[in-house]
Amino acid sequence: HEGHIIYAREDEKEFIVPELADAVAMIGEPDELIDRMHKLKDAGLSHFAFQVMDDDPVRQMTDFAERVMGKY
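In this text the structure is predicted, and so the values were computed from the model without any measurement.

Undergrad: When you look at helix H3 (residues 57-69) in this model, what are you seeing that I'm missing?
TA: Structural remark: α-helix, 3.6 residues per turn; residues separated by three or four positions point the same way. Every buried residue of H3 is accounted for by Gln 60, Phe 64 and Val 68. Buried positions in H3, seen along its axis, are confined to an arc of 35 degrees and lie on one side of it. For H3, the exposed residues lying more than 90 degrees away from the buried face are Val 58 and Glu 66. Each element contacted by the buried residues of H3 is listed here: helix H2 (30-42).

Written out as structure tokens, the structure is:
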């Protein structure tokens, strides 16, 4: 749908609250993501998905690989 994962549409904004973002997404600085990934792994998580945005997906994947996965 319009804006999917990129931005919230005007008719969706009232539903995008911090509690929802925390429940369905991993958003934060590399160290925060790594800490959360370890906690989720300890709780039994075995897979997760990394979603790139429209802006230079190769750079995003490289950045994530270096700054997050490289330290995980």
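Text resumes after the structure shown.
Undergrad: How do you make sense of the nonpolar core when you look at a structure like this?
TA: Burial of nonpolar side chains together is a common tendency in soluble globular proteins. Grouped together as the largest cluster of nonpolar side chains are 5 residues: Leu 33, Ile 34, Met 37, Phe 64 and Val 68. The set of elements that each furnish at least two residues to this core consists of H2 and H3. The greatest single-element share of this core, amounting to 3 residues, is contributed by H2. Excluding residues that lie within four positions of it along the chain, Leu 33 makes contacts with Met 26, Ile 27, Gly 28, Phe 64 and Val 68.

Undergrad: Explanation requested: unusual backbone geometry in the structure shown.
TA: Comment: phi is negative for the bulk of residues other than glycine, and the bulk of peptide bonds are trans. A positive phi angle, close to 45 degrees, is found at Asp 56, a residue other than glycine. Inspection of the secondary structure puts Asp 56 in the loop between H2 and H3. Note on Asp 56: relative accessible area 39%, which makes it partly exposed.

Definitions and limits used
Residues numbered from 1 in each chain as written. Predicted model: local features only at pLDDT ≥ 70, side-chain atom pairs only at ≥ 80, totals over all residues. Heavy atoms only, no water. Buried < 20%, exposed > 50% of the residue type's maximum accessible area, 1.4 Å probe, protein only. Helix = DSSP H or I, 4+ residues; strand = E, 2+ residues; numbered from the N terminus. Arc of directions from axis to C-beta. Contact = heavy atoms within 4.5 Å. Core = buried A, V, L, I, M, F, W, Y, C linked by side-chain atoms within 4.5 Å.

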